[in-house]
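# Topology and contacts: notes
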Amino acid sequence: MSSELLVDLSDDPATAQLGQLKLSTIEDQQWPADESTLSKSDTDISQRFDSSSPHLPWDHPFYDIARHQIIEVAGDDNFGRKVIVFNACRMPPQHQLDHHKLLMYLKGTLDQYVESDYTLIYFHHGLTSENKPSLSWLRDAYREFDRKYKKNIKALYIVHPTMFIKTLLILFKPIISFKFGRKINYVSYLSELEDVVKCEQLLIPARVKEYDNKLRASLKPAAQPPMSPPRSPPLPNQVFGVPLALLGERSPDGDAVPVVMRDTIGFLTDQGLEIEGIFRRSANVTLVKEVQLKYNSGAVVNFREIEDVHLAAVILKTFLRELPEPLLTYQLYNDIVNFNSVSSDDQVTAMKMLVESLPEENYTSLRYLVTFLAQVSANSEVNKMTNSNLAVVFGPNLLWGRDNAMSLSAIGPINNFTRTLLDQQHLVFT
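Just so you know, these numbers come straight off a predicted model, no measurement behind them. Counting restarts for each chain: residues are numbered from 1 in the order of the written sequence. Side-chain atom pairs in this predicted model are given and counted only at pLDDT of 80 or more, local residue features only at pLDDT of at least 70, and totals for whole chains, interfaces and linings cover all residues. Note: side-chain values were computed over all heavy atoms of the structure, leaving out hydrogens and water.

## Points about the pairing of strand E3 (residues 82–87)
Strand residues, when the strand is regular, have side chains that alternate between the two faces of the sheet. Within E3, six of the six residues are buried, leaving the element largely enclosed by the surrounding structure. Neither face of E3 is exposed, since Lys82, Ile84 and Phe86 on one face and Val83, Val85 and Asn87 on the opposite face are all buried. When strand E2 (residues 71–76) meets E3, the two strands line up antiparallel, connected through four bridges. Its bridge partner lying in E3, Asp76 is registered against Lys82. Two strands pair if DSSP finds at least two bridges between them. Here a helix means four or more residues in a row that DSSP labels H or I, a strand means two or more in a row labelled E, and each is numbered from the N terminus. Connecting the antiparallel pair E2 and E3 is a turn made up of five residues, with Gly80 showing a positive phi of about 85°. Between E3 and its parallel partner strand E4 (residues 118–123), the chain crosses via helix H3 (residues 99–110), and the hand of that crossover is right-handed. We call a residue buried when its accessible area falls under 20% of the maximum for its residue type, exposed when it is over 50%, and partly exposed in between, using a 1.4 Å probe and counting protein chains only. A clockwise course of the path from the first strand over the helix to the second, judged with the strands pointing away from the viewer, identifies a crossover as right-handed.

Now the structure itself:
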């Protein structure tokens, strides 16, 4: 992967001409002009964004955008940051897509995560002369993303970049800030993404995978990029990626709550309850890997010696995300995704029944976690982590589909279930 630094030329006069630039020598002849421009009142549409429905009804303002699955949320990356995926190949022809609404839909998605560190992954393959938006739309879209959106984006990964996209970024130098430019990374092959995120949790379109295979096949054997490394066999004392039942059997003191959860939650209870933005910040990936290796080697980890609250928070989320089956189990997936259909009067009873149907080790660990999160929320005036904020962070780490990916149609209901669980935990766990 390589990163290109884009110089901030602020109000260079050339900026005003960007909307009229033609890329006639690059891939396609011309981008048509926009039919409309963005205004402040238009951006307020994002306030009506609603991801709480498992399937957006046909009359929902964003139904025509969501049905294409252009934008997806894929849990956390290896740094503990939320991952937002944009698939160019799923964009229909220009006349079938309202690009303005697409931008509002993207903003509505990001609005749920911009207070936390997050990563954008853009799959460029599939952008053609038929479906690509105009240059002036891209210019307005970048300007539409103000500091709120740019502050906590830690990286933008452009997968399978072409000369077209690289030239486009050069043309946009006058309006792209230096800081944002440093966050842009080119990814030539899908295997390179493994340094950032587990590809199995991404909803990578089949067309993108096929294109990646063709790129590999076209290279000489000596120039072949490394394939995604195979999963190594578990170590004798493996902790991450091991079923809760097995961890419980190994526990010397018979505690059903895994040692990683006890260590991180114990430390965070003592040191992290008043840290603003706890669970929203990422951690040094090298330290994360070192701590994971220690646990998997059977070594004792003392977070009080490390004194890094955000590292402990990321380790806790990583442990939950790497469970071979989510804490809330695949069996409850459909019930939880459709939980909104339960009347408000019956939700506590229904939730209690669902939670109590979990295996003992899952139930015990979930209660331990939720009890701690209630303490975090009780300090929300200081740490800014309300139940709603905690649900956005932990929902995707408590439940996901069997394909390991998370569609926007499911993430809203899962987060809502998690929020209700936190709201009613004193009734559910009695």
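Let us keep going from here.
## Re the side chain of Asn185
Summarising the element assignment, Asn185 is placed in strand E6 (residues 184–187). Exposure remark for Asn185: the relative accessible area of 16% places this residue in the buried category. Among the polar contacts made by the side chain of Asn185, one reaches the main-chain carbonyl oxygen of Lys183 at a distance of 3.0 Å. Under this definition, polar contacts are N or O atom pairs within 3.5 Å; protein pairs additionally need one hydrogen-donor-capable and one acceptor-capable atom, and for neighbouring residues in sequence, both atoms have to be side-chain atoms.

## Examining the packing of helix H13 (residues 309–321) against helix H18 (residues 387–398)
Axis definition: a line fitted to C-alpha atoms, over the contacting stretch in the case of helices. Angles run 0 to 180 degrees between N-to-C directions. Across the interface, H13 lies against H18 with an axial gap of 8 Å and an inter-helix angle of 35°. Here Leu316, Lys317, Leu320 and Arg321 of H13 lie close against H18, whose contacting residues are Val393, Phe394, Pro396, Asn397 and Leu398. Class assignment of the residues belonging to the contact of H13 with H18 gives a composition of six nonpolar, one polar and two charged. The contact criterion used throughout is that any non-hydrogen atoms of two residues lie within 4.5 Å. We call Asp, Glu, Lys and Arg charged. Ala, Val, Leu, Ile, Met, Phe, Trp, Tyr, Cys and Pro are nonpolar, and the rest, Gly among them, are polar.

## Looking at empty space enclosed by the protein
Lining residues are defined by having an atom within 4 Å of a point belonging to a cavity or pocket. Those points lie on a 1 Å grid over the protein atoms alone, cavities being sets where a 1.4 Å probe fits but cannot get out and pockets being open sets with protein on both sides within 12 Å along at least five of seven lines. Grid points are joined across faces, edges and corners, and a volume is the space filled by probe spheres set on the points. Counted according to the given criterion, the structure contains two cavities of 30 Å³ or more. For the largest cavity, the calculated volume is near 780 Å³. Around the largest cavity sit 31 residues that line it, and Leu106, Tyr122, Leu138, Ala141 and Leu156 are the ones nearest its centre. Contributions of two or more residues to the lining of the largest cavity are made by E3, H3, E4, helix H4 (135–144), helix H5 (147–150), strand E5 (153–159) and helix H6 (163–171). Across the lining of the largest cavity, the residue classes break down as 30 nonpolar, no polar and one charged. In this structure, the second largest cavity spans a volume of roughly 60 Å³. As for the second largest cavity, its lining consists of Gly80, Arg81, Lys82, Tyr113, Ser116, Asp117, Phe279, Arg280, Lys317, Val392 and Val393.

## A few points about H3
Note that an α-helix has 3.6 residues per turn; residues three or four places apart therefore point the same way. Its twelve residues place the ends of H3 16 Å apart at the C-alpha level, agreeing with the 16 Å of an ideal helix rising 1.5 Å per residue. Most of H3 is tucked away: eleven of the twelve residues are buried. By the burial criterion, the buried members of H3 are His99, His100, Leu102, Leu103, Met104, Tyr105, Leu106, Lys107, Gly108, Thr109 and Leu110. The opening residue of H3 is Asp98, an N-cap whose side-chain oxygen sits 3.0 Å from the backbone nitrogen of His100. Under the convention used throughout, the expected extent of a helix is 1.5 Å for every residue step, that is, one less than its residue count.

## Notes on the nonpolar core
Working definition of a nonpolar core: buried Ala, Val, Leu, Ile, Met, Phe, Trp, Tyr and Cys residues. They are joined through side-chain atoms within 4.5 Å. Grouped together as the largest cluster of nonpolar side chains are 61 residues, with contacts concentrated most on Phe279, Phe319, Leu320, Leu369 and Phe394. By residue number, the principal contributor to this core is H13, which donates nine residues. Among all residues touching Phe319, those that are not within four sequence positions of it are Val239, Phe240, Leu244, Leu247, Pro258, Val260 and Met261. Ala66, Leu103, Leu106 and Ile153 belong to the second largest nonpolar core, which has 44 residues in total.

## What to know about the packing of helix H16 (residues 360–378) against H18
For the pair H16 and H18, the least separation of the axes is 10 Å and the interaxial angle reads 155°. Between H16 and H18, the interaxial angle falls into the category roughly antiparallel. Crossing angle aside, the handedness with which H16 passes H18 is right-handed. Touching Leu369, Leu373, Val376 and Ser377 of H16 are Asn387, Leu390, Phe394 and Leu398, all from H18. For the contact of H16 with H18, a count of residues per class yields six nonpolar, two polar and no charged. Roughly parallel means an angle under 35 degrees; roughly antiparallel means over 145; roughly perpendicular covers 65 to 115; every other angle is labelled oblique. Crossing handedness is defined as follows: a turn of the near helix away from the far one that is anticlockwise and smaller than a right angle gives a left-handed crossing, while the clockwise case is right-handed.

## Focus on unusual backbone geometry
Despite not being glycine, Thr329 shows a phi value in the positive range, around 70°. Mapped onto the secondary structure, Thr329 falls in the loop between H13 and helix H14 (333–337). The backbone phi angle of Lys384 is positive, close to 65°, even though this residue is not glycine. With respect to the secondary-structure elements, Lys384 resides in the loop between helix H17 (380–383) and H18.

## A closer look at the pattern of salt bridges
Any two side chains of opposite charge can pair, so long as their charged atoms come close to each other. Whenever Lys or Arg places a side-chain nitrogen within 4 Å of a carboxyl oxygen from Asp or Glu, that contact is recorded as a salt bridge. Counted by the stated rule, this structure contains 17 salt bridges. Among the salt bridges present, the one from Asp111 reaches Lys148, with a minimum N-O distance of 3.2 Å. With Asp111 in the loop between H3 and E4 and Lys148 in helix H5, the pair connects residues that are 37 residues apart, well separated along the chain. Overall, Asp111 belongs to the partly exposed group, its relative accessible area being 27%. On the basis of relative accessible area, Lys148 is assigned to the partly exposed category, the value being 39%. The residue Arg281 makes a salt bridge to Asp117 at a minimum N-O spacing of 3.1 Å. With a gap of 164 residues between them, Arg281 in the loop between helix H10 (259–271) and helix H11 (285–296) and Asp117 in the loop between H3 and E4 connect regions that are remote in the sequence. Of the residues examined, Asp117 reaches a relative accessible area of 4% and is grouped as buried.

## Focus: the environment of Asn416
One can find Asn416 in helix H19 (residues 408–423). Between the C-alpha atom of Asn416 and that of Ser388, which follows or precedes it by 28 residues, the distance is 8.0 Å.

Everything listed is a geometric property; what it means functionally is a separate question.
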